[in-house]
Amino acid sequence: MTAAPNSSLRERKKRRTRQALIDTALELFTRRGFGGVTLDELCEEVEVSKRTFFRTFTSKEDVAMAPDQDLWRAFLEELESADPGGALPVVELGRDALLAALERMDDEGWARRMLLSRRLAERTPSMGAHGLQFCEATTQEALAILDRRFGLGGPDDLRPRLAVDMLIAAFHGALASWVAQAEQAADVVRDEPPTTERLAVRLREAVAALPGSLALPTTPGGDGG
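Residues numbered from 1 in each chain as written. Predicted model: local features only at pLDDT ≥ 70, side-chain atom pairs only at ≥ 80, totals over all residues. Heavy atoms only, no water.

Chemist: Is there a simple way to think about the environment of alanine 25 in this case?
Modeler: If you trace the backbone, alanine 25 turns up in helix α1 (residues 3-32). On the accessibility criterion, alanine 25 (0% relative accessible area) is buried. For the pair alanine 25 and valine 37, spaced 12 residues apart in sequence, the C-alpha separation works out to 8.5 Å. Here alanine 25 is in contact with Leu42 and Val63, once residues within four sequence places are set aside. (Helix = DSSP H or I, 4+ residues; strand = E, 2+ residues; numbered from the N terminus. Buried < 20%, exposed > 50% of the residue type's maximum accessible area, 1.4 Å probe, protein only. Contact = heavy atoms within 4.5 Å.)

In structure tokens, the structure reads:
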């Protein structure tokens, strides 16, 4: 009868440790540079072993990009359970799933962590390479969901891939605009925090700018046309 409470306690402890690693890593990398902090120093700062670190993250790049990766993992979960309500274009379905994922990033510190992570990525080539690998893996998972749930895709059908690629491109454009807006706001109003709501607005604008030729409809259980 005590298994469940103990399990819950362990999970909460894991989440706290994970968050401490992310927050500390982003703080140290921002202050001293990505290459100026060793993994040993990070673990010592958080008071965890390297074994504990590697149970959660694969590398320094992995922990530095956690805010971005958390968002896209939530996106895949939302896409898996999405109800297009008839025939909603794939890009719009993806937009709604991504907006729902953004709403799940309800921790008030997520937006700030995302901003710090993007700043680091802009000047750290290894983070860029890590991000490309994660992006491709996420794309493949999204395509598998579209195929399984809506019958979209196939060896000769490039449309789902193009639609997912355009959604990701729209997000990256929105993210770049959001980062620039946050930087500008910080210059005017000291320490004004970035918000997920502003990022959601930028995402809606970016998706609205995509060409209508990518309006590939989804129908649950359909053959994708």
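Chemist: Could you clarify how one ought to interpret the packing of aromatic side chains in this entry?
Modeler: Remark: the centre distance and the inter-plane angle together describe each pair of aromatic rings, the angle taken between the planes. Enumeration over the complete set of coordinates arrives at five aromatic pairs. Judged by centre distance (5.2 Å) and plane angle (90°), the rings of phenylalanine 53 and phenylalanine 54 are edge-to-face. With relative accessibility at 0%, the residue phenylalanine 53 sits in the buried group. Of the aromatic side chains, those joined through ring pairs into one cluster are Phe53, Phe54 and Phe57. Just above the ring of phenylalanine 34 sits the side chain of lysine 60; from NZ or CZ to the centre is 4.5 Å. (Phe/Tyr/Trp six-rings, centres within 6.5 Å; stacked < 30°, edge-to-face > 60°. Lys NZ or Arg CZ within 6 Å of the ring centre and 35° of its normal.)

Chemist: Help me understand unusual backbone geometry, please; the structure alone is not making it clear to me.
Modeler: Most peptide bonds are trans, and most residues other than glycine sit at a negative phi. Residue glutamate 47 is not a glycine yet carries a positive backbone phi of 65°. Here glutamate 47 is to be found in the loop between α2 (39-46) and α3 (50-56).

Chemist: Looking at this structure, how should I read empty space enclosed by the protein?
Modeler: In this approach the atoms are scanned with a rolling probe the size of a water molecule, which exposes any empty space left behind. Applying the stated rule across the entire model yields one cavity of 30 Å³ or more. Roughly 50 Å³ of internal volume is contained in the largest cavity. Considering the residues around the largest cavity, the lining is formed by Phe75, Leu79, Val90, Val91, Gly94, Leu146, Val164 and Leu167. The dominant element in the lining of the largest cavity, judged by the number of residues it contributes, is helix α6 (residues 90-104), at three residues. Here the lining of the largest cavity is composed, by residue class, of seven nonpolar, one polar and no charged. (1 Å grid on protein atoms, 1.4 Å probe; cavity = no way out; pocket = protein on both sides within 12 Å on 5 of 7 lines; lining within 4 Å. Points joined across faces, edges and corners; volume = space filled by probe spheres on them. Nonpolar A, V, L, I, M, F, W, Y, C, P; charged D, E, K, R; others polar.)

Chemist: Please clarify how the pattern of salt bridges should be interpreted in this entry.
Modeler: Should their charged atoms come close, side chains of opposite charge can pair. Counting across every chain of the model gives 16 salt bridges. The residue aspartate 70 makes a salt bridge to arginine 18 at a minimum N-O spacing of 2.7 Å. A residue pair is termed long-range when its members are at least 10 positions apart, and aspartate 70 in helix α5 (residues 66-81) and arginine 18 in helix α1 qualify at 52 residues. Since its relative accessible area comes to 21%, aspartate 70 is described here as partly exposed. The partly exposed category is assigned to arginine 18, whose relative accessible area is 23%. Among the ionic pairs, arginine 159 bridges to aspartate 157, the shortest N-O distance being 3.0 Å. On the accessibility criterion, arginine 159 (34% relative accessible area) is partly exposed. Residue aspartate 157 is classed as partly exposed on the basis of its relative accessible area, which comes to 21%. (Salt bridge = Lys/Arg side-chain N within 4 Å of Asp/Glu carboxyl O.)

As far as function goes, none of this settles anything; it's purely spatial.
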